[in-house]
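Descriptive analysis of the structure
Residue strings, one per chain:
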Amino acid sequence: MYMAYGWPQVIPLEQGPCPSQKHIIYLKVTNRLFLVVSPSHLELWSSSQHKVRLGKYKRNAESLEREGENIQAVWSPDTKLIAILTSSFFLHIFKVQFSDKRIQIGGKQPSGLFLANVSLLLSEHVPFADKDLTVSNFVSDNKHLLLGLSNGSLYSISWKGEFYGAFELDPSSCDSSDASISPHSLVNGAASGRAPADSVSNHNTNSKSSIVRLELCLLMRLLFVLYSDGQLISCSISKKGLKQAEYIKAENKLGSGDAVCISVASDQQILAVGTRRGAVKLYDLAESASLIRTVSLYDWGYSMDDTGPVSCIAWTPDNSAFAVGWKLRGLTVWSVSGCRLMSTIRQIGLSSVSSPKFKPNQDCKYEPLMNGTSLMQWDEYGYRLYVIEEGSLERVIAFSFGKCCLSRGVSGMTYVCQVIYGEDRLLVVQSEDTDELKFLHLNLPVSYISQNWPVQHVAASKDGMHLAVAGLHGLILYDIQLKKWRVFGDITQEQKIQCKGLLWMGKIVVVCNYIDSSNTYELLFYPRYHLDQSSLLCRKPLLAKPMVMDAYQDHILVTYRPFDVHIFHARLLGELSPSSTPDLQLSTVRELSIMTAKSHPTAMRFIPEQLQRELASNNHISSSDSLDREPARCLILRTNGELSLLDLDDGREKELTDSVELFWVTCGQSGEKTSLIEEISWLDYGHRGMQVWYPSPGADPFMQEDFLQLDPELEFDREAYPLGLLPNAGVVVCASQRMSFSACTEFPCFEPSSQAQTILHCLLRHLLQRDKKEEALRLAQLSAEKPHFSHCLEWLLFTVFDAEISRQNANKNQISVPKHAGNCSLLEKTCDLIKNFPEYFDVVVSVARKTDGRHWADLFSAAGRSTELFEECFQRRWYRTAACYILVIAKLEGPAVSQYCALRLLQATLDESLYELAGELVRFLLRSGKEHDETPSDSADRLSPRFLGYFLFRSSYKKPSLDKSTSFKEQSAHVASVKNILESHASYLMSGKELSKLVAFVKGTQFDLVEYLQRERYGSARLENFASGLELIGEKLQMDTLQSRLDAEFLLSHMCSVKFKEWIVVLATLLRRTEV
């Protein structure tokens, strides 16, 4: 997983004479160097911590005129030679030699950078048969170069300048695999059903069509040839590489005839093909080049008109992500599963139906690569993406990336601590408050990183409180709580360690060390309190370079190529503290050598014996019998995304799923009682989203349930990539990209942003499905204090109820099977669980609000009778929640019952001065009374759930008020009851001269104050005399606040309309209004 951070860095290039072609012709990054070739000169830069130009070669005007500008270039794999072809078909071969002149950067330490001399070795005219040819790019191995020509042939040259001539390919003999789609193919962002589908060409590739692109993959012994008409051919090459041109044979025809660029991920064996329509298609080369999935920006509102065709594709060094650049605008980085990790194109919140057309007058000057992307290259660590903008000769733009290689290779990372690491820093998710997760930028100590740039391995302890970080040499430790670094005191000891992997085993750091002198590997065990040779606990030589490693409790797993698994048991003698001298003994407990044709593992993790642990805890067996036994199974994630379970006793392997990018083993990992995810065995993430796995004591020991099938709302945003879990909160922590813009900088700042996505409702539902009611209750109680707990319960009930409705609809046409009294439905189990929490009443009525009123009877048959739930809320004085039940009661119990409940609730809300709620109840009662009089039998059906909770007629109905035109004799009895209740309350407020409450009451309930005052002129509204009235009303209305003055103004206007002279004088005096 790769995430951009910070501002892009600009590397300036020298300007030569004005060329005819306005673009850089070649960019290559390798061996801590990067080479840029322009039409007139070349530059060699360091791509290490300090970006410095080390050398250049500038052609003079006479050479440019005689031999033409540079049009193609290639750098030899050993970086010693550069071959350049000019427009007049002269081949120049340059030699790169580093001098003894060291570059001084500043600071105490020497930089390790030396100036380079670039010298011309030979210049030869290439004897092409046809002078009007155009050429493709070069591909090369250590001995030979290969060039594609516009007549459809390939031309072979040696690095010594020997020309072997052209030879023809026969593409008509190859097999076609145009649109073979694998079972797990997925369109992500491709315009499926909304844009023209791929047009598959039926004709054979014309052997005379022009070759425009070559791509060589020596690891797979494949050469890909792209023709100008969009046809793509894969060819096999011999073991000796490009030397024997006659052995280059056309094998398969790939793609669908609209390819414009290609790139191969050799580790993953995936071919990425960019198309004219701006989409990228991924093909699985291990599975007869079947289409895996298509990614594009179509779902983000951008079509080919905005971005143009794909111009370049660059895979990250570990092949887990790829960058895509377009001809007209921008670049984007995607994960293999189709998650959009970074994009320079601004998202302006538009739907995918109407794509935002770019207009030249738009203010987009802050968007990088606004003119399109010409060339791209990742550095060898994946920390920088070097990009050339289309039509740009003057600069290279470098984007900084952090990565989080979860559970891959020889470094172990716990899911509890979410860390993205960059070349010289760590980005740690701060999760004290799960409401707001933030990334903390943790810069490594300069004294360490300046000598050991870049960061290569990061491992977090099981509790997530300690980090081990290794650069080029040595390692350092960080205590997150104390915010302190621990380093080697002796730099000579530090320089002897070349860390190739890191693990934590309790409080011990396990380092996989490479010994340069003997070309061997060993395990070093250091206590976390002291990094020094004197405190080294154990040194264990390894047989070969380890492929993957893992540790669980006191067992360590080491796997060598091709697939040899060794498991060690660590026994600590003595106390692990600075005051004692502990010793660690390592013994081999298991060795397996497995013969398999599958791809190599990228990660292996022990699976604790969860069922045994459960039995042990239930039967109170001593921990030494069950807990200390070495794990008998482990999970394997292979390079092709296949996840399988390996039985370490007999070596049997069971395939579980495919297309997985990462997984977290969660059972037995957290020692805390508050972990919410102990019931899960592990989770995995891939293009399907999250999948959860549970232990099952049945015939099939593991069952799989897909979050996406059951919880559409849990589908992860295709811009949010999961980093880890907060087990105490039951949430997945995801990272996504944000951009912030500033007027003082040319480019935006890329900011990784973290967000929490709850999975608590999924965990609860899975437990209830497995009839684990007690565990579900315990899990819910643990998380009752967490944020969004009520929301989780609501989603739990909603998803279960929604599934129940769908099941009923599906079974409508089938013969109904009588339900056994002993069997509790999942809906009833869910209601029984939520009843244990005070949120139950809110949750049930909220779910009713979200569903069709026709299904309420089913919901409340499981949740309880609506009148009883109303009564419980009423007794607890939860009047707002009780009010939400009124419409449900009207639907299920009839209008008479709902009106009776509403009248009781109206009186109670008036007593509590909840006048807005009282107003809603008044409007409900008046309307339901009117409908009851018109069509008594029909009134319940007219109450639609869209009124629920709003009460009802906020905009589409005129608010009925108790004005003089309404004759109460024509109204039903309960409307008279409403009038009596309101008048009684008005008399109570007027008698006590609670004038602020009176104003709120009149505004909330639309009570006709004018009519009431006319009747009560000599009753409750009477003032005895001016002095006492002024004193009393002055006390009740504190005139120093704005609200009291507004209330007085409101009353004054009503008193004027009924000509109450005493009140008018008192209120005018308080308001200091002489004109009244």
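Residues numbered from 1 in each chain as written. Predicted model: local features only at pLDDT ≥ 70, side-chain atom pairs only at ≥ 80, totals over all residues. Heavy atoms only, no water.

1. Details of the overall build of the protein chain
Each helix and strand in the protein chain was counted, giving 24 helices and 57 strands. For the protein chain, long-range pairs separated by at least 24 residues make up 58% of all intrachain contacts whose partners lie at least 6 apart in sequence. Here the protein chain has roughly 46700 Å² of accessible surface; of this, 49% comes from carbon and sulfur atoms. (Helix = DSSP H or I, 4+ residues; strand = E, 2+ residues; numbered from the N terminus. Contact = heavy atoms within 4.5 Å. Areas by Shrake-Rupley, 256 points an atom, 1.4 Å probe, with all protein chains shown as cover.)

2. Notes on the UniProt feature "coiled-coil region" (unreviewed entry) in the protein chain
Sequence positions flagged by UniProt for "coiled-coil region" (unreviewed entry) are, in local numbering, residues 47-74. For residues 47-74, helix accounts for 25% and strand for 39%, while the C-alpha atoms at its two ends are 18 Å apart. (UniProt positions renumbered as here; feature names shortened; annotations may be inferred.)

3. Quick look at the pairing of strand β39 (residues 499-505)
Successive residues of a regular strand alternate their side chains across the two faces of the sheet. Burial of β39 is extensive: 6 of the 7 residues sit out of reach of the surface. Note that β39 and strand β40 (residues 508-515) share 6 bridges and pair antiparallel. In the sheet register, L503 faces β40, and the bridge partner there is V510. Here β39 folds back onto β40, and the loop between the two strands holds 2 residues, one of which, G506, carries a positive phi near 65 degrees. (Buried < 20%, exposed > 50% of the residue type's maximum accessible area, 1.4 Å probe, protein only. Pairing = 2+ DSSP bridges.)

4. Quick word on the sheet that holds strand β45 (residues 564-573)
Across the sheet, which stays open at both edges, the 4 strands sit in the order β43-β44-β45-β46 with antiparallel pairing between neighbours. Bordering the open sheet on either side are β43 (546-552) and β46 (583-593), each of which pairs with just one other strand. When the angles between neighbouring strand axes are averaged without regard to direction, this sheet yields 20 degrees. (Axes fitted to C-alpha atoms, helices over the stretch in contact; angles between N-to-C directions.)

5. Some details on the nonpolar core
Judged by nonpolar contacts, the single largest core of 146 residues is most densely connected at V333, L385, F399, Y885 and F1001. With near-sequence residues (within four places) excluded, V333 lies in contact with A321, F322, A323, C339, R340, L341, M342, W378, L385 and F401. In terms of nonpolar packing, the next biggest core, distinct from the first, is built from 37 residues, I82, I103, F128 and W159 among them. (Core = buried A, V, L, I, M, F, W, Y, C linked by side-chain atoms within 4.5 Å.)

6. Describing the packing of helix α20 (residues 995-1005) against helix α23 (residues 1042-1058)
Where α20 contacts α23, the two axes come as close as 10 Å, and the packing angle between them is 70 degrees. It follows that α20 is roughly perpendicular to α23 by the angle criterion. For the element pair α20 and α23, the recorded crossing hand is left-handed. Residue-level contacts link L995, S996, L998, V999, V1002 and K1003 of α20 to D1047, F1050 and L1051 of α23. Class assignment of the residues belonging to the contact of α20 with α23 gives a composition of 6 nonpolar, 1 polar and 2 charged. (Parallel < 35°, antiparallel > 145°, perpendicular 65-115°, else oblique. Left-handed = near helix turned anticlockwise from the far one by under 90°. Nonpolar A, V, L, I, M, F, W, Y, C, P; charged D, E, K, R; others polar.)

7. Side note on the packing of helix α12 (residues 840-850) against helix α14 (residues 866-875)
Each pair of packed helices can be described by the angle between their axes along with the distance between the axes. Running from amino to carboxyl end, α12 crosses α14 at an angle of 135 degrees, the nearest separation of the two axes being 11 Å. Classified by the angle between their axes, α12 and α14 sit oblique to one another. Every pair of crossing elements has a handedness; the one defined by α12 and α14 is left-handed. Between α12, through Y840, F841 and V844, and α14, the contact on the second element is made entirely by L869, E872 and C873. When the residues that make up the contact of α12 with α14 are grouped by side-chain class, the tally is 5 nonpolar, no polar and 1 charged.

8. What to know about the pattern of salt bridges
Under the defined criterion, the tally for this structure stands at 34 salt bridges. Measuring nitrogen to oxygen at the nearest pair gives 3.3 Å for the salt bridge that ties D424 to R425. Note that E653 is salt-bridged to R638, the shortest N-O span being 2.8 Å. With E653 in strand β50 (residues 653-657) and R638 in strand β48 (residues 633-638), this residue pair connects regions lying 15 residues apart in the sequence. (Salt bridge = Lys/Arg side-chain N within 4 Å of Asp/Glu carboxyl O.)

9. Notes on the side chain of N137
Mapped onto the secondary structure, N137 falls in strand β11 (residues 135-140). Within the local environment of N137, its side chain forms a polar contact with the backbone nitrogen of L214, the two atoms lying 2.8 Å apart. Look past the residues within four positions of N137 in its chain and what remains in contact with it is Q72, L146, L147, G148, V212, R213 and L214. (Polar contact = N/O pair within 3.5 Å; in protein donor to acceptor, adjacent residues only side chain to side chain.)

10. Considering the sheet that holds strand β8 (residues 81-86)
In space, the 4 strands of this open sheet follow the order β7-β8-β9-β10, with antiparallel pairing throughout. Edge positions in the sheet fall to β7 (70-75) and β10 (114-125), since each of these pairs with one other strand and no more. Ignoring strand direction, the axes of neighbouring strands in this sheet form an average angle of 25 degrees. Bridging between strand β9 (residues 90-102) and β10 involves 10 bridges; their strand directions are antiparallel. Following the sheet pairing, I93 is matched in β10 by L122.

11. Quick look at the environment of G152
In this fold, G152 is placed in the loop between β12 (144-149) and β13 (153-158). The spacing of G152 and I211 is 59 residues in sequence and 5.5 Å in space, taken between C-alpha atoms.

12. What to know about the environment of I11
Tracing the backbone through its elements, the reader meets I11 in strand β2 (residues 9-12). Judged by relative accessible area, I11 falls into the buried class, the value being 2%. Placed 384 residues apart in sequence, I11 and R395 show a C-alpha to C-alpha distance of 5.5 Å. Those residues within four positions of I11 in sequence are excluded, and the remaining contacts are F34, W45, K51, Y386, E394, R395, V396 and A398.

13. Quick notes on the pairing of strand β29 (residues 373-378)
The pairing of β29 with strand β30 (residues 384-389) spans 5 bridges and is classified as antiparallel. What sits directly across from T373, in β30, is E389. The turn joining β29 and β30, which pair antiparallel and follow one another in sequence, is formed by 5 residues; a positive phi near 85 degrees is taken by G382.

14. Comments concerning a positive patch on the surface
There is a patch of like positive charges on the surface, built from K143, K160, K240 and K243. Residue position: K240 is located in the loop between β19 (232-236) and β20 (249-254). Given a relative accessible area of 55%, K240 falls into the exposed group. (Patch = residues over 30% accessible without salt bridge, like charges linked within 9 Å, V, L, I, M, F, W, Y side chains within 5 Å. Lys, Arg positive; Asp, Glu negative; His and termini not counted. Charge placed at Lys NZ, Arg CZ, Asp CG, Glu CD.)

15. Focus on the packing of aromatic side chains
The relation between two aromatic rings is expressed through the spacing of the ring centres and the mutual angle of the planes. Counting across every chain of the model gives 27 aromatic pairs. Residues W795 and F798 carry aromatic rings whose centres are separated by 5.4 Å and whose planes lie at 85 degrees to one another, so their mutual orientation is edge-to-face. Taken together, the residues W795 and F798, both in helix α10 (residues 789-810) and 3 residues apart, mark about one turn of the helix. Ring pairing ties together the aromatic residues Y915, F1001, F1007 and Y1012, which thus form one cluster. We note K403 situated over the ring of Y383; from NZ or CZ to the ring centre the distance is 4.8 Å. Across the ring face of F874, the terminal group of R904 is positioned such that the distance to the ring centre comes to 4.4 Å. (Phe/Tyr/Trp six-rings, centres within 6.5 Å; stacked < 30°, edge-to-face > 60°. Lys NZ or Arg CZ within 6 Å of the ring centre and 35° of its normal.)

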